[in-house]
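# Report on the structure
Given next are the chains, with one letter for each unit.
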Amino acid sequence: TEAMALKRLVPGLTNYLLLDMGNATSQLTVFQRGLPVAQRNIPIGSAYFTQALADYLGEPSEEAERIKRYRPDEAAGLCQQAEEGRSAFQALGREVNRTVEYYRINNSAAAFSAVVITGGGWLPAGGEGLAAFLNTSIQTLAPFQHVGLSRTQWDAEFLTRLEPRLAVAVGLCLRAVQCHEAND
C-alpha cells in the first residue's frame, strides 16, 4: 500500500502519524512500533488551501494554485496570515486530533513522536501553520535523501517542489531495490 511505501522513507521513527495530502482528501495513517495500525481518510486536501488562498488574494483558484505550486513558501506564509488559511490549518489539525483521540479510546498508552507529512498537495513550508494546532513536531518527508540524489546537480527549489509528489514512487522503488538485493 501507499502507507507501506512511505514507511520506508521514515527511518528512526516507530510511533508517528503519516499524513499524505492529496487534492480532495488526505490519508492519515497511525503507526505504532513501526507498523500501520489505523488509517483514516480526512475530507480536507490541498484544494481546501487553494480556495483559502484564492479567497484571501481575491484571485481565481487557478492563480492561487499556480502560486501554491511555484512559490510554495510564499503560499504557506499567506495561508498562515490569512484568516481563511488559518481556518484551513485549524480544520486539518482538528481532524488529525480527532483521529488521535479516537485511536486512544482503545489504546490509552499510545504516544506519537511526530506527524510526518507528504503528498502532492502539501505545502512544504506549511508545517508551522499545522503545528500551531497540534502538540507534536511536524516533519515534511524528504524522499530524495534516501536515493542519493545530489541537490547540486539539480535545481534545489525544483526538487523541493517535486519531492512530496514523488514520495510514494520513491518508497516503492526502494522496496524493489531491497527485494533485488535480498535475491542476490
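Now for a quick tour of the structure. As the structure is a prediction and not an experimental result, all values here were calculated from the model.

## Here we look at the overall build of the protein chain
- What the protein chain contains, in helices and strands, is 7 helices and 5 strands.
- What you see for the protein chain is a C-alpha radius of gyration of 17 Å, in line with the 16 Å of a compact globule of 184 residues.
- By the burial criterion, 41% of the 184 residues in the protein chain qualify as buried.
- In the protein chain, the share of contacts with a sequence separation of at least 24, taken over all contacts with a separation of at least 6, comes to 58%.
- Taken together, the 16 basic and 19 acidic charged side chains of the protein chain have centroids lying 7 Å from each other.

## So, the side chain of T118
- Secondary-structure assignment places T118 in strand β4 (residues 114–118).
- If near-sequence neighbours (up to four positions away) are discounted, T118 is found in contact with L6, L19, D20, M21, L141, P164 and A167.

## Regarding the environment of A5
- Structurally, A5 can be placed in helix α1 (residues 2–7).
- Sequence separation of A5 and G171 is 166 residues, and the distance between their C-alpha atoms is 4.3 Å.

## Description of the side chain of S26
- Inspection of the secondary structure puts S26 in strand β2 (residues 26–32).
- The class for S26 is buried, based on a relative accessible area of 0%.
- Within polar-contact distance, the side chain of S26 engages the backbone oxygen of I44 at 2.6 Å.
- For S26, the contacting residues outside a window of four places in its chain are L19, D20, M21, R40, N41, I42, I44 and G45.

## Side note on a nonpolar patch on the surface
- Together, V147, L149 and W154 make up an exposed nonpolar region whose accessible area comes to about 270 Å².
- In this structure, V147 sits in the loop between β5 (137–140) and α7 (156–183).

## What to know about the environment of T136
- Tracing the backbone shows T136 in the loop between α6 (127–131) and β5.
- Taking the C-alpha atoms as reference, T136 lies 6.9 Å from V115; in sequence the two are 21 residues apart.
- In contact with T136, not counting residues within four places along its chain, are F112, S113, A114 and V115.
- Separated by 3.4 Å, the side chain of T136 and the backbone oxygen of S113 make a polar contact.

## Here we look at the pairing of β4
- Most of β4 sits out of view: 5 of its 5 residues are buried.
- Across the two faces of β4 the burial is the same, with A114, V116 and T118 and V115 and I117 all buried.
- Where strand β1 (residues 16–21) meets β4, 4 bridges bridge the pair, whose relative direction is parallel. Looking at β4, one finds that L18 is bridged to V116.
- Looking at chain direction, β4 and β5 are connected through 4 bridges and run parallel. Opposite V116, over in β5, you have Q139 as the bridge partner.

## As for the pattern of salt bridges
- Evaluation of the coordinates by the stated rule reveals 7 salt bridges.
- Among the ionic pairs, R40 bridges to E95, the shortest N-O distance being 2.4 Å. Residue R40 is found in strand β3 (residues 35–42), and its partner E95 is found in helix α5 (residues 83–106); the two are separated by 55 residues along the sequence.
- Here R40 falls in the partly exposed class, since its relative accessible area comes to 26%.
- What you see here is one network of salt bridges that share partners, running through R40, E95 and R98.

Analysis parameters
Note that residues are indexed from 1 along each chain, following the sequence as it is written. A pLDDT threshold of at least 70 governs which residues receive local features in this predicted model, and a stricter bar of 80 or more applies before side-chain atom pairs are shown or counted, although totals over entire chains, interfaces and linings include all residues. Side-chain figures throughout are based on the complete set of non-hydrogen atoms in the structure, without hydrogens or water. To qualify as a helix, a DSSP run of H or I must reach at least 4 residues; to qualify as a strand, a run of E must reach at least 2; elements of each kind are numbered from the N terminus. Our radius of gyration looks at C-alpha atoms and nothing else; its globule reference is 2.2 Å times the residue count to the power 0.38. A 1.4 Å probe rolled over the protein chains alone gives each residue an accessible area, and that area as a share of the maximum for its type sets the label: buried under 20%, exposed over 50%, partly exposed in between. Pairs of residues are marked as contacts when any of their non-hydrogen atoms sit within 4.5 Å. When charges are counted, Lys and Arg contribute as positive and Asp and Glu as negative, whereas His and the chain ends are disregarded. Just so you know, the charge point we use is NZ for Lys, CZ for Arg, CG for Asp and CD for Glu. The definition of a polar contact used here is a pair of N or O atoms within 3.5 Å, where within protein one atom must be able to donate a hydrogen and the other to accept one, and adjacent residues in sequence count solely through side-chain atom pairs. Only residues above 30% relative accessible area that lack a salt bridge enter a patch, with like-charged residues linked at up to 9 Å and the nonpolar side chains Val, Leu, Ile, Met, Phe, Trp and Tyr linked at up to 5 Å. Computed with a 1.4 Å probe, the accessible areas rest on the Shrake-Rupley method; for each residue, only the protein chains presented here act as cover. Here, a salt bridge means any Lys or Arg side-chain nitrogen found within 4 Å of an Asp or Glu carboxyl oxygen. Strand pairing is assigned whenever DSSP detects at least two bridges linking the two strands.

These results come straight from atomic positions and should not be treated as a statement about function.
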